[in-house]
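# Secondary and tertiary structure notes
Chain by chain, the residues:
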Amino acid sequence: MSNATLTPAPKNRSSLRAATLPKWFPWAVAAGSVLLGLGISAAAGLNSSIQWALIAAVLFVAGSYGISARVEGGRQAKDRVATSMVWVAFLLALIPLLSLIWETVKQGVKVLDGYFLTHSMGVVGDSEPGGGIYHAILGTLEQVGLATLFSVPVGVLTAIYLVEYGRGRLAKAVTFFVDVMTGIPSIVAGLFVLSLWVLILDMGPSGVAGSFALCILMIPVVVRSTEEMLKLVPNELREASLALGVPKWRTILKVVLPTSIGGIVTGVMLAVARITGETAPVLLLVWGTDFINANPFQDPQESLPMYIYLQYGAGSDAAYDRAWAAALTLIAFIMILNLAARGIARWKAPKTGR
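Reading the values: rules and limits
Residues numbered from 1 in each chain as written. Predicted model: local features only at pLDDT ≥ 70, side-chain atom pairs only at ≥ 80, totals over all residues. Heavy atoms only, no water. Core = buried A, V, L, I, M, F, W, Y, C linked by side-chain atoms within 4.5 Å. Buried < 20%, exposed > 50% of the residue type's maximum accessible area, 1.4 Å probe, protein only. Helix = DSSP H or I, 4+ residues; strand = E, 2+ residues; numbered from the N terminus. Contact = heavy atoms within 4.5 Å. Salt bridge = Lys/Arg side-chain N within 4 Å of Asp/Glu carboxyl O. Phe/Tyr/Trp six-rings, centres within 6.5 Å; stacked < 30°, edge-to-face > 60°. Lys NZ or Arg CZ within 6 Å of the ring centre and 35° of its normal. Axes fitted to C-alpha atoms, helices over the stretch in contact; angles between N-to-C directions. Parallel < 35°, antiparallel > 145°, perpendicular 65-115°, else oblique. Left-handed = near helix turned anticlockwise from the far one by under 90°. Nonpolar A, V, L, I, M, F, W, Y, C, P; charged D, E, K, R; others polar. UniProt positions renumbered as here; feature names shortened; annotations may be inferred. Patch = residues over 30% accessible without salt bridge, like charges linked within 9 Å, V, L, I, M, F, W, Y side chains within 5 Å. Areas by Shrake-Rupley, 256 points an atom, 1.4 Å probe, with all protein chains shown as cover. Domains from an automatic or database assignment.

## Focus: the nonpolar core
Within the largest apolar cluster, 35 residues are counted, with the highest numbers of intra-cluster contacts made by Met218, Leu230, Ile275 and Leu285. Where this core is concerned, the elements lending two or more residues are helix 5 (134–165), helix 7 (186–200), helix 8 (207–231), helix 10 (248–276) and helix 13 (317–347). The greatest single-element share of this core, amounting to 10 residues, is contributed by helix 10. Setting aside residues up to four positions removed in sequence, leucine 230 forms contacts with Ala159, Ile160, Val163, Arg238, Val256, Leu257, Ser260 and Ile264. Within the second largest apolar cluster, 12 residues are counted, among which are Met121, Leu304, Tyr307 and Ala323.

Listed below in structure tokens is the structure:
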């Protein structure tokens, strides 16, 4: 055996791991920034909540960088600055949304009840209390339902053509016009249907006229979302089906569409949520009424966006309360559609595990 002895490592050996701040550090800096922001605002006589919030945001970013640079080094300090700015931007975007929801809920619950949801305005004057939005809910459901019925087949079939068959100049032209239609203002779609359906064909205002304008706005959204979902289907699935002698149309029907159905349905529901709050086409083509009209193919109809516009324009306290309640109902309807779209997307998402 060797007589060599092991030399112990020196106790002052530098650690390979750099110093790190605790996990609660961002929360402590945020709390300190809020307190300092409030103090500076009070000392400077600033009464606006926006001003002290901006001061606190600047202090949060600067404090995170300064403390992290002294303890963790410059590289980690830059990372914390980037993370801090992301959080500040998120909160700045969230504040208006939460403020809008809070104000709508606070003002809308004053008259929102079962009676309000199941009765129309009828003979109730704009300055009188009472009345409801049943006729507006019915009109919105029928107009959006007809627009969905018209636009979904056209949009899905157009997307199938572009992904599965589209080659050459025709496909490029269709793609170009879909991109152009995506940016069309709703008032332009309403004017187009007004000139063709109401003025030239002399069909008069009706719910279906508004549905045609909403359909124009909905088709490009459906085409784009469906196109992206079809592109995500692996080509190996198509090739395997074609290798078995299955015709292409049957491959699309039995393989491609079932694989992407979750994303397609999600895109359709988001498109529905996008057109539900449109006011300009309804104002031009549907006109509105205080009475229940269950026939969308004849005579004017009401809708929730139109109802909100008319009630707010009436100028009385009772009309303001009805407008806020209708706005709360519309927000709840759109929120339900978005949650349903997320649920369907998660339910139909491809399973990655065994």
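## Overview of the pattern of salt bridges
Counting across every chain of the model gives seven salt bridges. With a closest N to O distance of 3.5 Å, lysine 231 and glutamate 227 form a salt bridge. Of the two residues, lysine 231 and glutamate 227 are both situated in helix 8; the distance of four residues between them amounts to about one turn of the helix. On the basis of relative accessible area, glutamate 227 is assigned to the buried category, the value being 6%. Ionic pairing is found between glutamate 278 and arginine 274, a salt bridge with its closest N-O pair at 2.5 Å. Each of Asp179, Arg224, Glu227 and Lys231 takes part in one network of salt bridges that share partners.

## A short note on the packing of aromatic side chains
According to the stated counting rule, one finds five aromatic pairs in the structure shown. With a centroid separation of 5.4 Å and an interplanar angle of 70 degrees, the aromatic rings of phenylalanine 176 and phenylalanine 177 are classed as edge-to-face. This pair shows no difference in class: phenylalanine 176 is exposed, exactly as phenylalanine 177 is. One aromatic cluster is present, built from ring pairs that chain together Phe150, Trp197 and Phe212. Looking at lysine 248, its charged tip hangs above the ring of tyrosine 165, at a distance of 4.7 Å from the centre.

## A word on the packing of helix 6 (residues 168–182) against helix 8
Two elements in contact, helix 6 and helix 8, have axes whose closest approach is 8 Å; the angle formed by their N-to-C orientations is 125 degrees. Judged by the inter-axis angle, helix 6 sits oblique to helix 8. Our pair here, helix 6 against helix 8, has a crossing hand that is left-handed. Touching Thr175, Val178, Asp179, Met181 and Thr182 of helix 6 are Ile216, Pro220, Val223 and Arg224, all from helix 8. Considered class by class, the residues forming the contact of helix 6 with helix 8 number five nonpolar, two polar and two charged.

## Points about the UniProt feature "transmembrane region" (unreviewed entry) in the chain
In the numbering used here, UniProt assigns the "transmembrane region" (unreviewed entry) feature to residues 24–44, 50–69, 81–102, 144–163, 175–200, 206–223, 255–275 and 323–341. As annotated, residues 50–69 has a helix share of 100% and a strand share of 0%, and its two end C-alpha atoms lie 29 Å apart. Along residues 81–102, the helical share is 100% and the strand share 0%, with 31 Å between the first and last C-alpha atoms.

## Re the UniProt feature "domain: ABC transmembrane type-1" (unreviewed entry) in the chain
Here the UniProt-annotated "domain: ABC transmembrane type-1" (unreviewed entry) positions come out as residues 137–341. Helix makes up 80% of residues 137–341 and strand 0%, with an end-to-end C-alpha separation of 21 Å.

## Here we look at a nonpolar patch on the surface
Taken together, the side chains of Leu97, Ile101, Val105, Val109, Met335 and Leu339 present a nonpolar region at the surface, about 500 Å² in accessible area. Among the elements of the structure, helix 3 (74–108) and helix 13 are those that each provide at least two residues to the nonpolar patch. The element that contributes the greatest number of residues to the nonpolar patch is helix 3, accounting for three residues. Of note, valine 109 is situated in the loop between helix 3 and helix 4 (114–118).

## Examining the side chain of asparagine 293
Its location among the elements puts asparagine 293 in the loop between helix 11 (280–285) and helix 12 (304–314). Classification of asparagine 293 as buried rests on a relative accessible area of 16%.

## So, the environment of aspartate 321
You can see aspartate 321 is positioned in helix 13. Distance from aspartate 321 to glutamine 107, taken between C-alpha atoms, is 6.8 Å for residues 214 residues apart in sequence. Discounting chain neighbours no more than four positions away, the residues touching aspartate 321 are Lys110 and Val111.

## Things to note about the environment of leucine 194
Relative to the elements of secondary structure, leucine 194 occurs in helix 7. For the pair leucine 194 and leucine 284, spaced 90 residues apart in sequence, the C-alpha to C-alpha distance is 7.0 Å. The residues touching leucine 194, leaving out its near neighbours within four places in the chain, are Leu199, Leu284 and Leu285.

## Considerations on the domain arrangement of the chain
Here the chain is partitioned into domain 1 (9–103) and domain 2 (134–347). Each of domain 1 and domain 2 has a C-alpha centre, and the two are 43 Å apart.

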